[in-house]
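Listed below are the residues making up each chain.
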Amino acid sequence: GDHVVAALRPGERAIGALSFAAGAPGILHHVVGSERPLRRPASAPRERTYEVREFPTAEAYADMVRAVLDKIAAGGVRKVVIGRCLDVTSDPPLEPAEVIDRLLVTRPGRYVFSVPLTESLDDGPLLVGASPELLVSREGDRISCTPLAGSVPRSPDPDEDSRRADALRESEKDLAEHAFVVDAIVLALKEMCVDVVPPTGPTLLATDTVWHLASPITARLENPTTGPSALRLAQMLHPTPAVGGVPAEAAAEAIADIEGDLRDYFAGCVGWVDGNGDGVFAITIRAAVIDGARMRLFAGAGIVAGSDPDSEVRETGAKLETMTRVAGLS
């Protein structure tokens, strides 16, 4: 990451995404400040039809959660984030510009992104989404992280929605899952920063479909000139237990064993860095990869002792709904 920052001149940025797996390729685009319009359809499309395939199925995903719970009960791993996908084929093909426009208007997550996954900016797969989760930001010597862990689907009924939020705030299972993430980030920041300020306790963060437990964490670089850039900080912190697990290596093995190879750029991180080392990287959640008529979505849930498989199916379903809504499926 350091050579990327060193190559940037004033006013230039590198914008891109890192994969979930440690050591896997990422992609960064050199941006010089010019703007280009989104590729918009020439006319309003006719009504679309969608073919949707979920994999694994909801039933198979519940079985995967049970397999994780067995590993937790056997010892050696305490938290594992396990995910599932939707593959959507649309006719006529979904235009990325439509999805991005809706994300910019509805902002289901604060960090809206659109990153080509090949060198070409005119065709090929595109990673789009609106993440609610800040992995790390750097502005001068100021460092911020806002991990999310512990979630519950929202309800359209205001009273029930409030009840669910209150229950999440008091949930021992979700508070324990959240603490894993916060502790890991605070520990990592203390190796790189000074004045690390851990949260006094999680707050509630609402997205369009999910309530999250969130914990803003701040720190300071003693010397921003020689300290790590935002990109380097992202590489050091990722993957946090919010998308991996605890302990990290055992969780990664469990993900590979039970989930398989679903992620690629999903549950990685996406953002930008400039020549000063400042930048912002968000976790790649509430995201889709659009490639012609095909769109793939991914959502995961953190499994800890006490997790309920059916509840995790509902939670991942709610998380997937953010992108199915902006795609016009729901």
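Source: prediction; values computed, not measured. The residue numbers shown here count from 1 along each chain, following its written sequence. Restriction of local features to residues with pLDDT of at least 70 applies here, the model being predicted, together with a cutoff of 80 or more for giving and counting side-chain atom pairs; totals for whole chains, interfaces and linings are based on all residues. Computation of side-chain values: all heavy atoms of the structure, hydrogens and water removed.

(A) Representation of the sheet that holds strand 9 (residues 148–153) in the model. When DSSP finds two or more bridges between two strands, those strands count as paired. The way it works is that DSSP assigns letters per residue, a run of H or I at least four long becomes a helix, a run of E at least two long becomes a strand, and they are numbered from the N terminus. Across the sheet, three strands lie side by side as 9-12-11; this open sheet has antiparallel pairing. Taken across any chain shown, the strands that pair with only one partner, and hence form the sheet edges, are strand 9 and strand 11 (203–206). Averaged over all pairs of adjacent strands, the angle between strand axes in this sheet comes to 30 degrees, irrespective of strand direction. Where strand 9 lies against strand 12 (residues 210–214), four bridges are found, and the strand directions are antiparallel. Residue pairing in the sheet places Leu-148 in a bridge with Ala-214 of strand 12. Residues are treated as being in contact if the distance between any of their heavy atoms lies within 4.5 Å. Angles shown run from 0 to 180 degrees and are taken between the N-to-C directions of axes, each axis being a line fitted to C-alpha atoms and, for helices, limited to the stretch in contact. Across the sheet, helix 5 (residues 172–192) lies against strand 9 and strand 12, angled at about 150 degrees from strand 9, the strand it touches most. Contacts from helix 8 (residues 309–326) reach strand 9 and strand 12, with the element oriented near 95 degrees to strand 9.

(B) Representation of helix 4 (residues 158–170) in the model. With 13 residues, helix 4 extends 19 Å from end C-alpha to end C-alpha; this agrees with the ideal 18 Å at 1.5 Å per step. Under the scheme applied here, a residue whose accessible area is under 20% of the maximum for its type counts as buried, over 50% as exposed, and between as partly exposed, the area being computed with a 1.4 Å probe on protein chains only. Among the residues of helix 4, those classed as buried are Asp-161, Ala-165 and Leu-168. The buried residues of helix 4 occupy an angular sector of 65 degrees when the element is viewed end-on, so they sit on one face. Of the residues in helix 4, the exposed ones pointing more than 90 degrees away from the buried face are Asp-159 and Glu-170. Looking at the buried residues of helix 4, the elements they touch are strand 9, helix 5, strand 11 and strand 12. Here a helix's expected span is defined as the number of its residues, less one, multiplied by 1.5 Å. Here the arc refers to the directions that run from the helix axis out to each C-beta atom.

(C) The arrangement of the nonpolar core in detail. Buried Ala, Val, Leu, Ile, Met, Phe, Trp, Tyr and Cys residues form a nonpolar core when they are joined through side-chain atoms within 4.5 Å. Formed by 68 residues in total, the largest nonpolar core has its most connected members in Ile-82, Leu-127, Val-136, Leu-189 and Leu-237. Residues in contact with Leu-237, not counting those within four places in the same chain, are Leu-135, Val-136, Cys-145, Ile-185, Ala-188, Leu-189 and Met-192. Grouped together as the second largest cluster of nonpolar side chains are 18 residues, Val-88, Leu-103, Ala-130 and Met-323 included.

(D) Seen up close, the packing of helix 2 (residues 58–74) against helix 8. Look at helix 2 against helix 8: their axes get within 9 Å of each other, and the N-to-C directions meet at 125 degrees. Compared by their axis directions, helix 2 and helix 8 come out oblique. Between helix 2 and helix 8 lies a crossing of right-handed hand. Residues Ala-58, Tyr-61, Ala-62, Val-65, Arg-66 and Leu-69 of helix 2 touch helix 8, and the partners they reach there are Pro-309, Asp-310, Glu-312, Val-313 and Thr-316. Think of it as three bins: nonpolar holds Ala, Val, Leu, Ile, Met, Phe, Trp, Tyr, Cys and Pro, charged holds Asp, Glu, Lys and Arg, and polar takes everything else, Gly as well. Residue composition of the contact of helix 2 with helix 8, grouped by class: seven nonpolar, one polar and three charged. For classification purposes, angles smaller than 35 degrees are called roughly parallel, those larger than 145 roughly antiparallel, those between 65 and 115 roughly perpendicular, and all remaining angles oblique. Each crossing is labelled by how the near helix is turned from the far one, with a counterclockwise turn of less than a right angle marking it left-handed and a clockwise turn marking it right-handed.

(E) A look at the side chain of Ser-137. The residue Ser-137 is located in strand 7 (residues 134–139) in this model. Ser-137 sits in the buried class, given a relative accessible area of 16%. Each residue touching Ser-137, except ones within four places of it in the same chain, is listed here: Arg-142, Ile-143, Ser-144, Gly-279 and Val-280.

(F) Broad picture of the pairing of strand 12. Judged by how many residues are buried, strand 12 sits mostly within the fold: five of five residues are covered. Residues Val-210, His-212 and Ala-214 line one face of strand 12 and the alternating positions Trp-211 and Leu-213 line the opposite face, and both faces are buried. Bridge count between strand 11 and strand 12: four bridges; the pairing is antiparallel. By the bridge assignment for strand 12, Ala-206 is matched with Trp-211. Between strand 11 and the antiparallel strand that follows it, strand 12, lie three residues.

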